[in-house]
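Geometric and topological summary
Here are the chains, one letter per residue:
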Amino acid sequence: SAVISQKPSRDICQRGTSLTIQCQVDSQVTMMFWYRQQPGQSLTLIATANQGSEATYESGFVIDKFPISRPNLTFSTLTVSNMSPEDSSIYLCSVLSGGRTDTQYFGPGTRLTVL
Amino acid sequence: AQSVTQPDIHITVSEGASLELRCNYSYGATPYLFWYVQSPGQGLQLLLKYFSGDTLVQGIKGFEAEFKRSQSSFNLRKPSVHWSDAAEYFCAVKGYKLSFGAGTTVTVRA
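Cut-off values and rules
- Residues numbered from 1 in each chain as written.
- Chains lettered and ligands numbered in written order.
- Predicted model: local features only at pLDDT ≥ 70, side-chain atom pairs only at ≥ 80, totals over all residues.
- Heavy atoms only, no water.
- Contact = heavy atoms within 4.5 Å.
- Salt bridge = Lys/Arg side-chain N within 4 Å of Asp/Glu carboxyl O.
- Polar contact = N/O pair within 3.5 Å; in protein donor to acceptor, adjacent residues only side chain to side chain.
- Helix = DSSP H or I, 4+ residues; strand = E, 2+ residues; numbered from the N terminus.
- Nonpolar A, V, L, I, M, F, W, Y, C, P; charged D, E, K, R; others polar.
- Phe/Tyr/Trp six-rings, centres within 6.5 Å; stacked < 30°, edge-to-face > 60°.
- Buried < 20%, exposed > 50% of the residue type's maximum accessible area, 1.4 Å probe, protein only.
- 1 Å grid on protein atoms, 1.4 Å probe; cavity = no way out; pocket = protein on both sides within 12 Å on 5 of 7 lines; lining within 4 Å.
- Points joined across faces, edges and corners; volume = space filled by probe spheres on them.
- Core = buried A, V, L, I, M, F, W, Y, C linked by side-chain atoms within 4.5 Å.
- Pairing = 2+ DSSP bridges.
- Axes fitted to C-alpha atoms, helices over the stretch in contact; angles between N-to-C directions.

**Structural notes on the interface of chain B and chain A**
Each partner contributes residues to the interface: chain B has 18 residues there, and chain A has 18 residues. Between chain B and chain A we count 1 salt bridge in total. For Lys97 of chain B, the salt bridge goes to Glu58 of chain A, with nearest N and O atoms at 3.1 Å. Where chain B touches chain A, the interface holds 6 residue pairs in polar contact (both at pLDDT 80 or more). Those elements giving two or more residues to the side of chain B that touches chain A turn out to be β5 (32-38), β6 (44-50), β10 (87-94) and β11 (98-100) of chain B. Among the elements that line the side of chain B that touches chain A, the one with the most residues is β5 of chain B, at 4 residues. When the residues that make up the side of chain B that touches chain A are grouped by side-chain class, the tally is 10 nonpolar, 5 polar and 3 charged.

Structure (structure tokens):
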């Protein structure tokens, strides 16, 4: 399986500001995913990011709020824009890896608190 | 539509006792099923997965799961729980995307 790292691991931000979360993978992967896990909740898919194309957003998530970059096959960023306390969540990066197209592996997550 | 139901929000088990976590899924075709574990402050770790074949699947950390098509279930089991098994457990089904259940929190008492 791929080794996935995320930066920052946690942050506390003021409302109205933006935070960019980085996801780095130790091998080339085609598909990367960004998830949100609100406090005490399960995981919700924000978007799928393929290298060389626009990210595909799930219902309820928009590019203006969660812009995503995917400049190469090992890296992606998610920006949480114009933050409000409701954006306080864990944000997780995920990839399809290991030669399988059906198994996703997850990064350690970024714990975001918005005051 | 695809969905996953984990009926138990919270389970408390004594160390050394057996553990079973329930998972029911809804998916029109043959599902790909997964169990992930999330320890406090950590990301998700894959415990095991079912794609096809033998309906009893072995995973890491001594866990196993059984796929029962007739019951649309994929329950996770461990014969003897260790204190380090205290965590949040998520069942997931992959159709056009990976969908997660609400999770079951496992508390292990000494």
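Continuing now.
**Considerations on the packing of aromatic side chains**
According to the stated counting rule, one finds 15 aromatic pairs over all chains in the structure shown. Taken together, a centroid distance of 5.9 Å and an interplanar angle of 70° make the contact between Phe106 of chain A and Phe100 of chain B edge-to-face. You can see Phe106 of chain A sitting in strand β10 (residues 104-106) and its partner Phe100 of chain B sitting in strand β11, one on each of two chains. Of the two residues, Phe106 of chain A and Phe100 of chain B, both sit in the buried class.

**Considering the layout of surface pockets**
Estimated volume of the largest pocket: approximately 300 Å³. Lining of the largest pocket is provided by 19 residues; of these, Gln37, Gly40, Ile90 and Arg111 of chain A together with Gln38 of chain B occupy positions nearest its centre. When contributions to the lining of the largest pocket are tallied by element, the ones reaching two or more residues are β9 (89-96) and β11 (110-114) of chain A together with β10 of chain B. Of the residues assigned to the lining of the largest pocket, the class counts are 6 nonpolar, 11 polar and 2 charged.

**Here we look at the nonpolar core**
Tyr35, Ile46 and Phe106 of chain A together with Tyr36 and Phe100 of chain B are the most contacted members of the largest nonpolar core, which totals 44 residues. Among residues more than four places away in sequence, those in contact with Ile46 of chain A are Trp34, Tyr35, Arg36, Thr56, Tyr57, Glu58, Phe61, Phe66, Leu78 and Tyr91 of chain A.

**A look at the environment of Ala47 of chain A**
Residue and element names in this part refer to chain A. If you trace the backbone, Ala47 turns up in strand β5 (residues 43-50). Given the relative accessible area of 0%, Ala47 is considered buried. Counting along the chain gives 21 residues from Ala47 to Ile68, while the straight-line C-alpha distance between them is 8.4 Å. Those residues in contact with Ala47 that lie beyond four places of it in its chain are Met32, Phe33, Trp34, Thr56, Tyr57 and Ile68.

**With respect to empty space enclosed by the protein**
It is a probe the size of a water molecule, rolled over the atoms, that shows where empty space is left. Residues and elements named next belong to chain B. Taken as a whole, this structure holds 1 cavity of 30 Å³ or more when the rule is applied. Its boundaries defined by the atoms lining it, the largest cavity holds a volume of some 30 Å³. Lining the largest cavity are Val37, Ser39, Lys61, Ser84, Asp85, Ala87 and Tyr89.

**Topic: the sheet that holds strand β8 (residues 75-80) of chain A**
Strand pairing within a sheet occurs via backbone hydrogen bonds; the two strands may be parallel or antiparallel. Residue and element names in this part refer to chain A. In space, the 4 strands of this open sheet follow the order β1-β3-β8-β7, with antiparallel pairing throughout. Either end of the sheet is taken by a strand with one partner, and the two such strands are β1 (4-7) and β7 (68-72). The sheet shows a mean angle of 15° between the axes of neighbouring strands, taken without regard to direction.

**Regarding unusual backbone geometry**
Geometrically, the link from Lys7 of chain A to Pro8 of chain A is a cis peptide bond, its omega value of -10° lying close to zero. The residue Pro8 of chain A is located in the loop between β1 and β2 (10-13) in this model. One non-glycine residue, Asn82 of chain A, lies in the positive phi region at around 45°. Take Asn82 of chain A: it is sitting in the loop between β8 and β9. With a phi close to 60°, Lys61 of chain B is a non-glycine residue in the positive phi region. Within the element layout of this structure, Lys61 of chain B appears in the loop between β7 (56-58) and β8 (64-68). A relative accessible area of 41% places Lys61 of chain B in the partly exposed class.

**Observations concerning the pairing of β5 of chain B**
Residues and elements named next belong to chain B. β5 sits mainly inside the fold: 6 of its 7 residues count as buried. Here β5 pairs with β10 via 7 bridges, running antiparallel. For Gln38, the partnering residue across the bridge sits in β10 and is Glu88. Relative to β6, β5 runs antiparallel, the two being bridged by 6 bridges. Bridge pairing links Gln38 to Leu44 in β6. What sits between the antiparallel neighbours β5 and β6 is a turn of 5 residues, in which Gly41 has the positive phi angle 75°.

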